[in-house]
Each structure stands twice: as structure tokens, then as C-alpha cells.
Amino acid sequence: MTDHRAPLLQQARAVLQSAREAPGPVRSPCVSVCRMDATRGLCEGCLRTIGEIGGWSELDTSERLAVWARIVQRAQPAAAPRSDGGTP
């Protein structure tokens, strides 16, 4: 399984920075890796929940940016589950 967190984190930060500098349409975080992680309840590609994915087209700009902000939190190394089952 490929870890998409680093490039997604970089993309998320760029989207959030761009929104601060020049508000406009907010693109989808989808990276065409559509597999749900049953343990975390997140897409392995974009780190969104099923609800965030399904509702994306109905979200306004501020709600979309909030999803991107949650992706930043989810993509942080500390948010990644440890393979030994412990907490960081």
C-alpha cells in the first residue's frame, strides 16, 4: 500500500494558503485512490470520510476548506496509527 499522506499534506497546505491569498473555487482532495480504511474510516487516498466524500459537491467554500484543514490534521505523522498498536 502506497502512503499518500506526504503529498496530500503538501497539497492541503497549498490549497489552504491559496484560499487565504486569493479566495476562489476549492478543488477536491481526491487522488483517485478510492479505498476505505475500515479501521480509521478514511479513504486511503484523500483521508476523507465517506460523508465528506459523498457530500463534497454540496459543500460551500468554507466547508470545503474545513475538510482540507481536517485532512492536514489527519495527514500529520502523529495522526498515523502505530504498527505496534501503541500510542505515540
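See the structure printed just above.
Residues numbered from 1 in each chain as written. Predicted model: local features only at pLDDT ≥ 70, side-chain atom pairs only at ≥ 80, totals over all residues. Heavy atoms only, no water.

### A few points about the overall build of the chain
In terms of helices and strands, the chain carries three helices and two strands. Taken from the N to the C terminus, the helices and strands of the chain come in the order α-β-β-α-α. Within the chain, the proportion of its 88 residues that are buried is 32%. Taking all contacts inside the chain whose residues are at least 6 apart in sequence as the whole, residues at least 24 apart take part in 52%. Counting every atom, the chain has about 5600 Å² of accessible surface; 54% of that belongs to carbon and sulfur. (Helix = DSSP H or I, 4+ residues; strand = E, 2+ residues; numbered from the N terminus. Buried < 20%, exposed > 50% of the residue type's maximum accessible area, 1.4 Å probe, protein only. Contact = heavy atoms within 4.5 Å. Areas by Shrake-Rupley, 256 points an atom, 1.4 Å probe, with all protein chains shown as cover.)

### Section: helix H3 (residues 61-75)
Between its terminal C-alpha atoms H3 stretches 21 Å, which fits the 21 Å expected from 15 residues at 1.5 Å a residue. What H3 keeps buried is the set Arg64, Val67, Trp68, Ile71, Val72, Arg74 and Ala75. (Expected span 1.5 Å × (residues − 1).)

### Some points on the nonpolar core
Core analysis: the largest hydrophobic core is formed by 13 residues, its most contacted members being Leu8, Ala12, Val26, Trp56, Trp68, Ile71 and Val72. Those residues in contact with Ala12 that lie beyond four places of it in its chain are Trp68, Ile71 and Val72. (Core = buried A, V, L, I, M, F, W, Y, C linked by side-chain atoms within 4.5 Å.)

### Side note on the environment of Leu16
Tracing the backbone through its elements, the reader meets Leu16 in helix H1 (residues 5-21). Spatially, the C-alpha atoms of Leu16 and Val26 are 9.1 Å apart, while their sequence positions differ by 10 residues. Here Leu16 is in contact with Leu65, Trp68, Ala69 and Val72, once residues within four sequence places are set aside.

### A look at the side chain of Glu52
Here Glu52 lies in helix H2 (residues 50-55). Here Glu52 falls in the buried class, since its relative accessible area comes to 9%. There is a polar contact of 2.7 Å between the side chain of Glu52 and the side chain of Arg74. (Polar contact = N/O pair within 3.5 Å; in protein donor to acceptor, adjacent residues only side chain to side chain.)

### Some remarks on a nonpolar patch on the surface
A cluster of nonpolar residues, Met36, Ile50 and Ile53, forms a patch on the protein surface that exposes about 250 Å² of accessible area. Topologically, Met36 is positioned in strand E1 (residues 36-37). Overall, Met36 belongs to the partly exposed group, its relative accessible area being 34%. (Patch = residues over 30% accessible without salt bridge, like charges linked within 9 Å, V, L, I, M, F, W, Y side chains within 5 Å. Salt bridge = Lys/Arg side-chain N within 4 Å of Asp/Glu carboxyl O.)

### Description of the packing of aromatic side chains
The geometry of an aromatic ring pair is captured by the separation of the ring centres together with the interplanar angle, meaning the angle of the planes. Tallied over the entire structure, the rule returns zero aromatic pairs. Between the NZ or CZ atom of Arg48 and the centre of the ring of Trp56, over which it lies, the distance is 5.3 Å. (Phe/Tyr/Trp six-rings, centres within 6.5 Å; stacked < 30°, edge-to-face > 60°. Lys NZ or Arg CZ within 6 Å of the ring centre and 35° of its normal.)

### Re H1
With 17 residues, H1 extends 24 Å from end C-alpha to end C-alpha; this agrees with the ideal 24 Å at 1.5 Å per step. Among the residues of H1, Leu8, Leu9, Gln11, Ala12, Val15 and Leu16 are the ones counted as buried. The buried residues of H1 occupy an angular sector of 165 degrees when the element is viewed end-on, so they sit on one face. Among the exposed residues of H1, those oriented more than 90 degrees off its buried face are Ala6, Gln10, Arg20 and Glu21. On its buried face, H1 sits against H3. (Arc of directions from axis to C-beta.)

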